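Reading the structure
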Protein chains: 4
Amino acid sequence: MSNAKDNQPYRWRVRVYYEDTDAGGVVFYANYLKFMERARTEWLRAHGFEQNAIRTALNRLFVVRHVSLDYRLAARLDDMLDITVTLARRGGASLVFSQEAIRVADGALCCSGLVKVACIAADSLRPKPLPDQLLAEIADVL
Amino acid sequence: MSNAKDNQPYRWRVRVYYEDTDAGGVVFYANYLKFMERARTEWLRAHGFEQNAIRTALNRLFVVRHVSLDYRLAARLDDMLDITVTLARRGGASLVFSQEAIRVADGALCCSGLVKVACIAADSLRPKPLPDQLLAEIADVL
Amino acid sequence: MSNAKDNQPYRWRVRVYYEDTDAGGVVFYANYLKFMERARTEWLRAHGFEQNAIRTALNRLFVVRHVSLDYRLAARLDDMLDITVTLARRGGASLVFSQEAIRVADGALCCSGLVKVACIAADSLRPKPLPDQLLAEIADVL
Amino acid sequence: MSNAKDNQPYRWRVRVYYEDTDAGGVVFYANYLKFMERARTEWLRAHGFEQNAIRTALNRLFVVRHVSLDYRLAARLDDMLDITVTLARRGGASLVFSQEAIRVADGALCCSGLVKVACIAADSLRPKPLPDQLLAEIADVL
């Protein structure tokens, strides 16, 4: 992916709809986890991997083990957000992503966080090494 | 269930939290479907059936085939709602429920609707007759 | 909008993520209402109207009064869906939309429905005629 | 509250429904934030404060500034969970809660986390000291 090679993080754009907001008039804070997962999924797809195919062809699932989020500025209805994906650390059976939600209109940082994802076997649910194909593919972004 | 025998519909109480609301300051309309499913699930549990057990022991799943909802009055944060469950019709492989969301504070009707649920085999996903055990149990409420 | 003029319904594409699915392995049925609202919102935006601007500049809100959905075929994780928007009827203070969720891979119909949306004043919450600007804009699609 | 005085954390019980799960067959990880907020809201209510009343009578809102969650064991459909609420730290304009999701059937820890909530003015959205009434009420639990 070209944007990985020039050290710009991968970005996935999301729009804020009513479904994402709460009675405070802003994006419900739990929903940034949804936005961030959409971006990680598209990052993975851009590297050639679909979650379904990883499960069926490689017998692997990715499960979230840890999240840590800081909320800075509340996004609102109709806002467009860029969700970044940076691979911050690679373990033998896990990946740590650093992610941000940035308001497109003015570049303001709404939310930033770390998400640790573990690789497990789809059948036994036991921890498993990351698939070689994936490691080869993401070697250039670490 | 005693409340079925005296023709009062089954009721399940839910509280409105921030997660249920949207930027309009009210309950997001799609979420009444969640409230209604909670009530149907508890109605089923009150009759002795858990969804997980129905799947594993009886190889049956219930899937929603049709919903129709009318929105009358918007519920708000902190409101308590009674969600009713009335079995309106029983087919060979389906059940139709009539349900309402009633604001506890004043008895106002917030939302009413019909939900048609079909019974399918958990393995083949093909339509299947309702389990005999369930039919025997709900005979008194139709 | 060109696609309105040649009688093709407006389409908005959505991807199915984990957030949209449930333990049955398919899209949770209530979530089609979210997909359909995203499509109506983008249809409105394509006609030059943002929900926020309608509220602040025109003192109008659109609220959902009725939904009716039929579920045909369950969409799954990673599926791409086209959500159609057809303006089926225009009242003085309401719009009725006919919408479908179509699986892009094979054109299969997953879900179809009607959504009635009423126009109300953002301050008094009373029913109000549709804004003239909007009526003029959508005259060609009815 | 009696359970605070004998150093047992406050507990709020939630049931896992289809709406809470994802295609992995387990509770979607973002939804633990919903469960934890329900428990904090009920903890607050048990201390005599409703979110709506705090906003209208005291001109205060609580907003989440930081969350950090560790996922240990995946809860499933029909599971009953106890969500604990422990007030871990009190700042001048913020509260930090330590929370756990515990499977009732066997006491297994599913998820644990910290949630930092800030107090702001409902009108200006600026940071504000915690209301005196609330401080007096929670003095015994810190």
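Residues numbered from 1 in each chain as written. Chains lettered and ligands numbered in written order. Predicted model: local features only at pLDDT ≥ 70, side-chain atom pairs only at ≥ 80, totals over all residues.

Moving on to the overall build of chain A. For chain A, the helix and strand inventory stands at 4 helices and 5 strands. For chain A, the sequential pattern of α-helices and β-strands runs α-β-α-α-β-β-β-β-α. Compactness check: chain A gives a C-alpha radius of gyration of 16 Å against a globular reference of 14 Å for 142 residues, within 12% of the reference. Taken along its principal axes, the extent of the C-alpha atoms in chain A is 45 × 35 × 20 Å. Taken across its 142 residues, chain A has 41% of its residues classed as buried. Look at the contacts in chain A between residues 6 or more apart in sequence, and 66% of them connect residues 24 or more apart. (Helix = DSSP H or I, 4+ residues; strand = E, 2+ residues; numbered from the N terminus. Rg over C-alpha atoms; globule rule 2.2 N^0.38 Å. Buried ≥ 20, exposed ≤ 12 C-beta atoms within 10 Å, placed from the backbone. Contact = placed C-beta atoms within 7 Å.)

Next up on the list: the pairing of strand 1 (residues 10-15) of chain A. The side chains of a regular strand alternate between both faces of the sheet. Residues and elements named next belong to chain A. Of the two faces of strand 1, the one lined by Tyr10, Trp12 and Val14 is fully buried and the one lined by Arg11, Arg13 and Arg15 carries no buried residue. Summarising the sheet, strand 1 and strand 3 (residues 80-90) pair through 6 bridges and their orientation is antiparallel. The residue bridging Trp12 from the neighbouring strand is Ile83, located in strand 3. (Pairing = 2+ DSSP bridges.)

Bringing the sheet that holds strand 2 (residues 60-71) of chain C into the picture now. Judged by pairing direction, the sheet is antiparallel, and its 10 strands sit side by side in the order 1(B)-3(B)-4(B)-5(B)-2(B)-2(C)-5(C)-4(C)-3(C)-1(C) without closing on themselves. Of all the strands in the sheet, the pair left with one neighbour each is strand 1 (10-15) of chain B together with strand 1 (10-15) of chain C. Sheet twist, expressed as the average angle between the axes of neighbouring strands with direction ignored, equals 25°. Each of strand 1, strand 2 (60-71), strand 3 (80-90), strand 4 (94-103) and strand 5 (109-121) of chain B is contacted by helix 2 (residues 31-46) of chain B, which is oriented at about 65° to strand 3 of chain B, the strand it contacts most. (Axes fitted to C-alpha atoms, helices over the stretch in contact; angles between N-to-C directions.)

For the match of chain B to chain A, the screw axis carries a shift of 0.0 Å, the RMSD comes to 0.0 Å, and the turn is 180°. Taken together, the rotation and translation relating the two chain copies correspond to the operation of a two-fold axis. For chain B, the minimum C-alpha distance to the rotation axis belongs to Asp22(B) and amounts to 1.9 Å. Most of the interface of chain B is mirrored in chain A, where 100% of its interface residues again form contacts. (Least-squares fit on C-alpha atoms with pLDDT ≥ 70 in both.)

So, about the interface of chain B and chain A. Contact with chain B, which involves 8 residues of that partner, is made by 8 residues of chain A. Split by residue class, the side of chain B that touches chain A holds 4 nonpolar, 2 polar and 2 charged. (Nonpolar A, V, L, I, M, F, W, Y, C, P; charged D, E, K, R; others polar.)

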